[in-house]
Amino acid sequence: MSVIRRPYPGSLLVVLAVLATQCGIVKEFTQPSALSIQKFVAAPPDITAGAATTLTWEVVGADSVEIDNGIGTVEGKGTRQVRPDWTTSFNLVARSGTSQATASVQVRVAPMASPSPSPSPSPSASPSPAASPSPAASPSPSPTPFPTPTPVSCGPPAVSAGNNCGLTVVQPTEMSPSECIELTAVTVNQSCPVGVTTVRSLRFDVTAHTLRPGLRWRRSVTSSDVLTPTDGDVKSDGTTTVLLSDLVLDSSVTIEIVSSGGNKVLLAFTLRHY
């Protein structure tokens, strides 16, 4: 007796796809095999302060490619010379439709060595002149000390967003004693964990006292969430309160505070959703 094998009906395939999406494995259906980061390197990877290194990348199958730390959107294949002032990680994000691939490369920066002073030649001996009466010594004026910069404070930093949501804050740019920038508050309207495609409200306060021009906040290119608004101005002297909505598409979102031109990330914080 022969056995007739019938293919699954189209409606059953739709049900299986929906169940797979609800079980958190939708990437098995949407991840295109053509999206691939072939290369992302820095040459040389170790430099001294003030020197340059070259980033080289090659990506195939991407609709868009971005690199953080002020580089922005780039072609799928290319090079870029950078001069970081300190050890820096550059993150590349390639996107194709709803899928993405990431890669990172670290450039290690050593401080520039101070030149050793050359030894001064010893003065040759000369005959002592005949002794003569010494005039009365005049008092030497005391040197005027340089003024010490007055340290400023931006207030205590935020250590939690509340509602069981993890918070990490970093300041990759060294500030002088006469300036500061601080994340002073973060709040969300929903307790963690929250699921993908959830829209949540986010508020954060940034206090700054600095002469650096053009401070702005923005979403890091390593994050996938959709923020409304997408970016905005930050006061260089005072406190800025930002209210926004966050469409959750990943496990966390990272927001950066940058100076004019976006070349310097002064502060960045990562808020975990689950």
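Residues numbered from 1 in each chain as written. Predicted model: local features only at pLDDT ≥ 70, side-chain atom pairs only at ≥ 80, totals over all residues. Heavy atoms only, no water.

Draft legend 1. The arrangement of the nonpolar core in detail. With 27 residues, the main nonpolar core has Leu183, Phe204, Trp217, Leu244 and Ile255 as its most contacted residues. Those elements giving two or more residues to this core turn out to be strand S10 (180-188), strand S11 (199-209), strand S15 (237-247), strand S16 (252-258) and strand S17 (265-272). Residues Val74, Val82, Phe90 and Val107 belong to the second largest nonpolar core, which totals 20 residues. (Core = buried A, V, L, I, M, F, W, Y, C linked by side-chain atoms within 4.5 Å. Buried < 20%, exposed > 50% of the residue type's maximum accessible area, 1.4 Å probe, protein only. Helix = DSSP H or I, 4+ residues; strand = E, 2+ residues; numbered from the N terminus.)

Draft legend 2. Seen up close, the sheet that holds strand S8 (residues 99-110). Taken in spatial order, the 5 strands of this open sheet run S2-S8-S7-S4-S5, and their pairing is mixed. Of all the strands in the sheet, just strand S2 (46-48) and strand S5 (72-74) have a single pairing partner and so form its edges. Each adjacent strand pair in this sheet contributes to an overall mean axis angle of 30°, direction not counted. Bridge analysis of strand S4 (residues 64-67) against strand S7 (residues 88-96) gives 4 bridges, and the strand direction is antiparallel. Note on S7: the bridge partner recorded for Ser64 is Arg95. (Pairing = 2+ DSSP bridges. Axes fitted to C-alpha atoms, helices over the stretch in contact; angles between N-to-C directions.)

Draft legend 3. Quick peek at the state of the cysteines. As enumerated under the stated definition, the model contains 2 disulfides in all. Here Cys154 engages in a disulfide with Cys180; their sulfurs sit 1.9 Å apart. Note on the Cys154 and Cys180 pair: the S-S dihedral is about 90°, so by sign convention the disulfide is right-handed. Within this pair, whereas Cys154 is found in the loop between S8 and strand S9 (167-170), its partner Cys180 is found in strand S10, the two being separated by 26 residues in sequence. Exposure remark for Cys154: the relative accessible area of 9% places this residue in the buried category. The class for Cys180 is buried, based on a relative accessible area of 11%. What pairs with Cys165 in a disulfide is Cys192, and their sulfur atoms sit 2.0 Å apart. Disulfide Cys165 to Cys192: torsion about the S-S bond roughly 105°, handedness right-handed. Linking Cys165 in the loop between S8 and S9 with Cys192 in the loop between S10 and S11, this pair joins segments that are 27 residues apart in sequence. Ordinal numbering of bonded cysteines along the chain defines a disulfide pattern of 1-3, 2-4. (Disulfide = S-S within 2.5 Å.)

Draft legend 4. The sheet that holds strand S12 (residues 216-219), seen in detail. Overall, antiparallel pairing links the 5 strands, which are arranged S9-S17-S16-S12-S14 in an open sheet. The open sheet is flanked by S9 and strand S14 (231-233), the only strands paired with a single partner. Ignoring strand direction, the axes of neighbouring strands in this sheet form an average angle of 15°. In terms of strand pairing, S9 meets S17 through 4 bridges, oriented antiparallel. If you follow Val170 over to S17, its bridge partner there is Ala268.

These figures come from the coordinates and say nothing about function on their own.
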